[in-house]
Amino acid sequence: MQIKQDSTSRQETKPLVSFVITYYNLPVQMLVECIESILQLSLRPFEREIIVIDDGSNESPVNQLMQYEDEIIYLRQKNSGVSMARNKGLDIATGHYIQLVDADDKLLQAPYEQCLDIIRYQEQVDMVLFLFTTHPDVEVIPEVIQPISGAEYMRNNNIHGAAWGYLFSRAILGELRFTQGISYGEDEEFSALLLLRAEKIYPTRYISYYYRKHRMSVTHQQDNAHIQKRLDDTAYVIQRLKQDIDRLSHQDRLAMQRRIAQLTMDYLYQTIMLTHSAKELNSRIKLLHDKGLFPLPNAHYSKKYTWFRHLINSHIGRSILLYTLPLMK
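Residues numbered from 1 in each chain as written. Predicted model: local features only at pLDDT ≥ 70, side-chain atom pairs only at ≥ 80, totals over all residues. Heavy atoms only, no water.

**Q** Explain the overall build of the protein to me, please; I cannot follow it from the model alone.
**A** The helix and strand tally for the protein stands at 10 helices and 9 strands. In terms of overall size, the protein behaves like a compact globule, its C-alpha atoms giving a radius of gyration of 20 Å where 329 residues would be expected to give roughly 20 Å. Residue pairs in contact within the protein that sit at least 24 positions apart in sequence constitute 78% of those at least 6 positions apart. For the protein, the accessible area works out to roughly 16,000 Å², and carbon and sulfur atoms hold 48% of it. Considering the protein, the positive charge centre built from 37 side chains and the negative charge centre built from 39 side chains are found 7 Å apart. (Helix = DSSP H or I, 4+ residues; strand = E, 2+ residues; numbered from the N terminus. Rg over C-alpha atoms; globule rule 2.2 N^0.38 Å. Contact = heavy atoms within 4.5 Å. Areas by Shrake-Rupley, 256 points an atom, 1.4 Å probe, with all protein chains shown as cover. Lys, Arg positive; Asp, Glu negative; His and termini not counted. Charge placed at Lys NZ, Arg CZ, Asp CG, Glu CD.)

**Q** In this structure, what is going on with the pattern of salt bridges? I would like to understand it.
**A** Between side chains of opposite charge, a pair can form when the charged atoms approach closely. Under the defined criterion, the tally for this structure stands at 17 salt bridges. Close ionic contact of arginine 48 with glutamate 71 constitutes a salt bridge, the shortest N to O distance being 2.8 Å. You can see arginine 48 sitting in strand 3 (residues 48-54) and its partner glutamate 71 sitting in the loop between strand 3 and strand 4 (72-76), a full 23 residues away along the chain. We classify arginine 48 as buried; its relative accessible area is 10%. Overlapping salt bridges, with partners in common, bring together Arg86, Asp102, Glu186 and Asp187 in one network. (Salt bridge = Lys/Arg side-chain N within 4 Å of Asp/Glu carboxyl O. Buried < 20%, exposed > 50% of the residue type's maximum accessible area, 1.4 Å probe, protein only.)

**Q** Just to check I follow, could you spell out the packing of aromatic side chains for this structure?
**A** If you walk through the whole model with that rule in mind, you get 10 aromatic pairs. When the centroid spacing of 5.7 Å and the interplanar angle of 25 degrees are considered together, the rings of tryptophan 164 and tyrosine 211 count as stacked. With tryptophan 164 in the loop between helix 4 (150-156) and strand 8 (166-169) and tyrosine 211 in the loop between strand 9 (201-210) and helix 6 (224-244), this pair connects stretches of sequence that are 47 residues apart. Taking the relative accessible area as the measure of exposure, tyrosine 211 reaches 17% and is therefore buried. (Phe/Tyr/Trp six-rings, centres within 6.5 Å; stacked < 30°, edge-to-face > 60°.)

**Q** Looking at this model, I keep getting lost on the confidence of the model for the protein. Mind explaining?
**A** Across the protein, the average pLDDT comes to 93, with 94% of residues at or above 70. In the predicted structure, residues 5-11 sits below a pLDDT of 50 and forms 15 contacts with residues beyond four places in sequence or in another chain. (pLDDT = per-residue confidence, 0-100.)

**Q** Before we go on, may I ask you to explain the packing of helix 2 (residues 82-92) against helix 5 (residues 186-197) in this structure?
**A** Packed helices, taken two at a time, are described by the angle their axes make and the gap between the axes. Two elements in contact, helix 2 and helix 5, have axes whose closest approach is 10 Å; the angle formed by their N-to-C orientations is 40 degrees. You can see that helix 2 and helix 5 cross each other, and the crossing is right-handed. Each of Val82, Ser83, Arg86 and Leu90 in helix 2 lies in contact with helix 5, whose residues at this interface are Glu186, Asp187 and Phe190. Of the residues contributing to the contact of helix 2 with helix 5, the split by class is 3 nonpolar, 1 polar and 3 charged. (Axes fitted to C-alpha atoms, helices over the stretch in contact; angles between N-to-C directions. Left-handed = near helix turned anticlockwise from the far one by under 90°. Nonpolar A, V, L, I, M, F, W, Y, C, P; charged D, E, K, R; others polar.)

**Q** Would you explain the nonpolar core in this entry?
**A** Burial of nonpolar side chains together is a common tendency in soluble globular proteins. Core analysis: the biggest nonpolar cluster contains 65 residues, and Met127, Phe168, Phe190, Leu194, Met256, Leu268 and Ile312 have the highest contact counts within it. The dominant element in this core, judged by the number of residues it contributes, is helix 7 (residues 250-275), at 11 residues. Not counting residues up to four positions away in its chain, the partners in contact with isoleucine 312 are Leu268, Leu281, Ile285, Phe294, Leu296, Arg318 and Leu321. Grouped together as the second largest cluster of nonpolar side chains are 43 residues, Tyr74, Ile118, Ile119 and Phe130 included. (Core = buried A, V, L, I, M, F, W, Y, C linked by side-chain atoms within 4.5 Å.)

Okay, here's the thing in structure tokens:
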């Protein structure tokens, strides 16, 4: 095992894929299963690079990882949050492609192999998008995928912003990194900006990622402090994306406008579902209005968006949403 403290190194032969695993205060068995899911892939040892970033866990898992001493790079840093942990992994990664993975999740071998085949056999692939599941058993359905640009895809689709939901070329990363201090929604900013850099993406339907639900997951924290932090972080990400619009080309601007509208709708939806409070909802709407983010754009991005936009724009509609949405969960 290569144990790194605060230095970076480059291998003479670059691996095909660098897997960056972020770990913090989880059962070590989850991390082991995550690593094993990568080792089961058809990549030969020199084709893969597995980087484990321990974000200052109370107890280091390094002793339990000795069995992987020839397979992984382990780095332990002072607790700085998932954004900084991922950034450290991105700085260290030497692979032609990068896959971010949370330590409590796993890659699903058969469908993920299809994604690997795309980067192996297609030319100049910037990103391969795939789906996730909360159930580990999935069926692989062959499909014919036509590549498009990231901007075109964003203009015509609601994207899932999780940073582990795609395999991407390190060549398009440049200086892009996760914003420090954001605990919720950091993926949404990073993924949108990365997609705009991608000229050739493959939006597959392969269910390649096992997202494991458990009580320690950050999205399952339901006390008021975590709820307020989650909403505040999301609002901050939306505002940052809006600030980026002016420097974008026309087509990229259209893509970003759709993404911001989608995130804003989801932000208001989460405000309703997490707080059940008309006062909180109206306060959040005022914040959006002051930043030029409300009312939601009069666009027909999807039936759900059109329906939600129509209701959220009136006091009566907000009352309907506050009453009905929790019942529909």
